[in-house]
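Examining the three-dimensional arrangement
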Amino acid sequence: MSFVTVSNLRKDYGPRTIIENINVEVEEGQFISLVGASGCGKSTFLRLLLDQERPTSGTITVDGELFSGEPCQTRGIVFQRYSVFPHMTVRANIVAATAFTQGTWGWLFGNAKKQAQAEAQSTLDRIGLGHVAAQYPASLSGGMQQRLAIAQALAAKPRILLLDEPFGALDPGTKLSMHGFLEQLRVETGMTVFMVTHDLEEAFKLADRVLVFDKPKWDPDDLEKGGATITYDFDARNDGIPFQTLQENTNVFKSD
Amino acid sequence: MPTADAMRWINRKPSRVLAWVLATLPFIIVFAAYAIGSEIRLSVNPADKLLPAPSQIWETALRLLTEGDRRSGRILFWHDTAASLRRLGLGVGIAATMGLVFGMAIGLLPYMRATFATFISVLSMVPPLAILPILFIVFGLGELSKVALIVIGIGPFLIRDLWMRVTEIPTELVVKAQTLGASSWIIAMRVAGPQIMPRLLQSVRLSLGPAWLFLIASEAIAAEGGLGYRIFLVRRYLAMDVILTYVIWITLLAFLLDLLLKVLTRALFPWFGEKRA
Ligand SMILES: Nc1ncnc2c1ncn2[C@@H]1O[C@H](COP(=O)(O)OP(=O)(O)OP(=O)(O)O)[C@@H](O)[C@H]1O
Ligand SMILES: [Mg+2]
């Protein structure tokens, strides 16, 4: 049995079906990219994986178990915006991952606090945010904030990391260094990753599999009708070489 | 390139000095208008009481601030100020605490929302001054009824405002806290609470105006002291100089309180301003 199993998943908002007939099996440690047109339900799918919302029908199991009905520590998330706590310093944002599980009040004291702070500092040093540990996130650049958000999500040691267009607002250079950062973290933790992106190159570069969300059939009279599903499931290992091969096999690249 | 004259007015800004001059200008104009009006009336009738000369108000103010009452020897001015500020502080403090507790509870917990949302919305429609007589009957003419009026007057507003601010906290942050393992209580204490505190101070600033209104209204009707009480007492003697001194003083107090809260917000929550910079 695979690690994450999604079967016959469907989500409606009111009368509109957003996604339907989603069936996927994902092995532990796989990196999955989700691509598709804007508004086709990628973020909705992530919210269902996070258990922030409940599916209209169908099930998701992780390690054979159904969800409990609310987000939990198994699955970490990085949103495009609002991912870190603006009222906490950069270091406190990392420490929060430890402190929030503590006792009734969510504060650390004495040695536990010192230790958590030291650990947070070394994490920050490693990801190049050591020098801004005492500042508030608002004073950080977009790339730094996203690095912080990823480090914060990982500090809770999730088995699955969900990323919703995490690098969408970054310049190409920063994006590249964030890719390096993410690949390194993945090697270290071996976690399963789901990443939504609009950047196909990024999707194929980072992922083992690229899932394409699209509507299987478009009703010309009612574009809103019907939900999106997974229309392609590309093998994207070897930096997307199969993707290239596939492109070459289509008539576009055929010379004879 | 367009010259400065051709620039749109929405883009033209006064220099620092000019801004300062412009800010004082309305005060000077009002003062001058009053002085001229007073001068005209007094030249017609030297015994006129309606617009006392600025110099007379100044003398009255000095007398009020320094001389004790003939009977008790207390300086009534400071006595009134202390009494009013105590009522205001208590009323606003209690209302703010209620606003924080109920606002957070209703904003965060669907069960609380289901129970209290409609009730609070209806409650905030009750005109507070209309129930002032009830307060006097129930709580008597003492301090309690005055504090109660302030609490009833601004409490529902603060609760509704804070509850709205809580729902404005990005869902992302609340979800994020859950993925870090936080319980409901920890989310309230460490995520929603800290984010709401600067907004509480802002709401309190906005509600200070109504709070003064309710304070003075209740003091005017029944009290043994207080700024509002004194104003309505000396009204009988048409003592405009005393009334004006008190009005200026109340205005100054309100202004300083507002400033204090503003400075406090900035000092206590440095992250708050940065976010909207
Ligand atoms: N809470 C909601 N209530 C009603 N409709 C919603 C809700 N959330 C999302 N939708 C609708 O569901 C559809 C899919 O939204 P979703 O955010 O999942 O798209 P997306 O694929 O992530 O798009 P993008 O690439 O632009 O982020 C949209 O048409 C959106 O309007
Ligand atoms: Mg989206």
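Refer to the structure printed above.
This report concerns the structure included in the present document. (Residues numbered from 1 in each chain as written. Chains lettered and ligands numbered in written order. Predicted model: local features only at pLDDT ≥ 70, side-chain atom pairs only at ≥ 80, totals over all residues. Heavy atoms only, no water.)

Here we look at the nonpolar core
Phe85 and Phe100 of chain A together with Val92, Ile150 and Ile154 of chain B are the most contacted members of the largest nonpolar core, which totals 58 residues. In terms of residue count, helix α8 (residues 184-221) of chain B provides more of this core than any other element does, 14 residues in total. Those residues in contact with valine 92 of chain B, other than ones at most four positions away along the chain, are Ile150, Ile154, Val204, Leu208 and Ala211 of chain B. Val78, Ala153, Leu170 and Val212 of chain A belong to the second largest nonpolar core, which has 43 residues in total. (Core = buried A, V, L, I, M, F, W, Y, C linked by side-chain atoms within 4.5 Å. Buried < 20%, exposed > 50% of the residue type's maximum accessible area, 1.4 Å probe, protein only. Helix = DSSP H or I, 4+ residues; strand = E, 2+ residues; numbered from the N terminus. Contact = heavy atoms within 4.5 Å.)

As for the environment of valine 62 of chain A
Residue and element names in this part refer to chain A. You can see valine 62 is positioned in strand β4 (residues 57-62). Along the sequence, valine 62 and lysine 217 sit 155 residues apart, while their C-alpha atoms lie 30 Å from each other. When sequence neighbours within four positions are dropped, the list of residues in contact with valine 62 reads Phe3, Val4, Phe67 and Ile160.

With respect to the pattern of salt bridges
Using the criterion set out here, one finds 16 salt bridges over all chains in the structure. Across the salt bridge formed by aspartate 199 of chain A and lysine 175 of chain A, the nearest N and O atoms sit 2.9 Å from each other. Placement of the pair is aspartate 199 of chain A in the loop between β8 (192-196) and α6 (200-206) and lysine 175 of chain A in helix α5 (residues 172-189), with a sequence separation of 24 residues. Residue classification places aspartate 199 of chain A among the partly exposed residues on the basis of a relative accessible area of 22%. Under the relative-accessibility criterion, lysine 175 of chain A is labelled buried at 16%. One salt bridge in this structure joins glutamate 143 of chain B and arginine 87 of chain B, with 2.8 Å as the shortest N-O distance. Here glutamate 143 of chain B, found in helix α6 (residues 143-168), pairs with arginine 87 of chain B, found in helix α3 (residues 76-108); they are 56 residues apart in sequence, far enough to count as distant. For arginine 87 of chain B, a relative accessible area of 3% corresponds to the buried category. Salt bridges sharing common partners tie together Glu28, Asp63 and Arg159 of chain A. (Salt bridge = Lys/Arg side-chain N within 4 Å of Asp/Glu carboxyl O.)

A short note on the packing of helix α2 (residues 90-99) of chain A against helix α3 (residues 110-126) of chain A
All names here are of chain A. Between α2 and α3, whose axes approach to 9 Å, the crossing angle comes to 115 degrees. Note on packing geometry: the crossing formed by α2 with α3 is right-handed. Residue-level inspection shows Val90, Arg91, Ile94 and Val95 of α2 in contact with α3, the latter providing Ala116, Gln117, Ala120, Gln121 and Leu124. The residue inventory of the contact of α2 with α3, partitioned by class, reads six nonpolar, two polar and one charged. (Axes fitted to C-alpha atoms, helices over the stretch in contact; angles between N-to-C directions. Left-handed = near helix turned anticlockwise from the far one by under 90°. Nonpolar A, V, L, I, M, F, W, Y, C, P; charged D, E, K, R; others polar.)

Some details on the interface of chain A and chain B
Tallying the contact residues gives 35 residues for chain A and 24 residues for chain B. In this structure, the connection of chain A to chain B is made through zero salt bridges. The tally of links from chain A across to chain B stands at seven residue pairs in polar contact (both at pLDDT 80 or more). Among the elements of the structure, β6 (75-78), α2 and α4 (142-155) of chain A are those that each provide at least two residues to the side of chain A that touches chain B. For the side of chain A that touches chain B, the class distribution of residues is 20 nonpolar, twelve polar and three charged. (Polar contact = N/O pair within 3.5 Å; in protein donor to acceptor, adjacent residues only side chain to side chain.)

Some thoughts on a nonpolar patch on the surface
Taken together, the side chains of Val17, Leu18, Trp20, Val21, Leu22, Leu25 and Ile29 of chain B define a hydrophobic patch exposed on the protein surface, amounting to about 700 Å² of accessible area. Among the secondary structure elements, leucine 22 of chain B is positioned in helix α1 (residues 16-44). (Patch = residues over 30% accessible without salt bridge, like charges linked within 9 Å, V, L, I, M, F, W, Y side chains within 5 Å. Areas by Shrake-Rupley, 256 points an atom, 1.4 Å probe, with all protein chains shown as cover.)

A short note on the packing of α3 of chain B against α6 of chain B
All names here are of chain B. Two numbers describe how α3 lies on α6: the axes approach to 6 Å, and their chain directions differ by 30 degrees. The two elements α3 and α6 cross, and the hand of that crossing is right-handed. Residues belonging to the contact of α3 with α6 are distributed by class as follows: 21 nonpolar, six polar and four charged.

Observations regarding the sheet that holds strand β5 (residues 65-66) of chain A
What links the strands of a sheet is backbone hydrogen bonding, and the strands pair in either a parallel or an antiparallel sense. Residues and elements named next belong to chain A. Sheet architecture is open: four strands sit in the order β2-β1-β4-β5, paired in antiparallel fashion. The open sheet has two edge strands, β2 (16-26) and β5, and neither has a second partner. In this structure, strand β1 (residues 4-13) lies alongside β2, joined through seven bridges in antiparallel fashion. Residue pairing for β2: threonine 5 is matched across the bridge by glutamate 25. (Pairing = 2+ DSSP bridges.)

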